[in-house]
Amino acid sequence: MIRLLLAEDQHVVRGALAALLSLEDDLDVVAAVESGDAVVPAAVRHRPDVAVLDIDMPGTLDGLAAAAELRTRLPGCRTLMLTGYGKPGHLRRALAAGVDGFLLKTAPPDELVAAIRTVAGGGRVLDPSLAVAAWDLADNPLTAREADVLRLVADGVDVTEIAGRLFLSAGTVRNYLTTIVAKLNARNRVDAVRVARDAGWI
């Protein structure tokens, strides 16, 4: 029996996934959570074999950050990422986080079930359309600190608060933002957020 943890912020989708996977004789959904922050505590409590994680979830951790933390805290738990968007940048972040599988939500149910079994068995799964796109994508031009700044901008945090959260001066934050806009060839901060999100860099 393969024990599963599901993380999906949309209640209907989470319920449908749990119902679908529970129809399989060898799959047992032992936990279902709605945020990235809840993934590790639930995994530590329920000890799943595979965590099936949505990438875009509310909270301080998205699915990829939760997967990276899960790998550290519970290395025996395999991870399969699901996403509604084929962003190559997400794929690269997933590979960097050490995830075991990456699948689009548009995949047929039998592909999802097969992917879970493959990952549980020690294999890796990669949506082929994303693999081709990632090959052609330019590397993320943002440094880790620049990405942190831009994520906070995307969350609507102002310069002064960003400075406080990241232990920087407001002037340094403004310099980062100027550099980010230039690197992404964006018109302004809002456009920089859009460019980075479309590429899956934040």
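Residues numbered from 1 in each chain as written. Predicted model: local features only at pLDDT ≥ 70, side-chain atom pairs only at ≥ 80, totals over all residues. Heavy atoms only, no water.

Caption draft 1: Up close: the pairing of strand S4 (residues 78-83). Among the 6 residues of S4, 5 are classified as buried, and the element is accordingly described as predominantly covered. Sheet topology note: the strand S3 (residues 50-54)/S4 ladder contains 5 bridges and is parallel. Opposite Leu 53, over in S4, you have Met 81 as the bridge partner. Considered for its hand, the β-α-β crossover made up of S3, helix H3 (residues 63-73) and S4 is right-handed. In this sheet, strand S5 (residues 101-104) lies alongside S4 in parallel orientation, the contact comprising 4 bridges. What sits directly across from Met 81, in S5, is Phe 102. (Buried < 20%, exposed > 50% of the residue type's maximum accessible area, 1.4 Å probe, protein only. Helix = DSSP H or I, 4+ residues; strand = E, 2+ residues; numbered from the N terminus. Pairing = 2+ DSSP bridges. Right-handed = clockwise from strand over helix to strand, strands pointing away.)

Caption draft 2: Highlighting the packing of helix H1 (residues 11-22) against helix H5 (residues 109-120). Packing of H1 against H5 brings their axes to within 11 Å, and their N-to-C directions diverge by 70°. With respect to their mutual orientation, H1 and H5 come out roughly perpendicular. Where H1 abuts H5, its residues Leu 17, Leu 20 and Leu 21 lie against Pro 109, Leu 112, Val 113 and Ile 116. The residue makeup of the contact of H1 with H5, split by class, is 7 nonpolar, no polar and no charged. (Axes fitted to C-alpha atoms, helices over the stretch in contact; angles between N-to-C directions. Parallel < 35°, antiparallel > 145°, perpendicular 65-115°, else oblique. Contact = heavy atoms within 4.5 Å. Nonpolar A, V, L, I, M, F, W, Y, C, P; charged D, E, K, R; others polar.)

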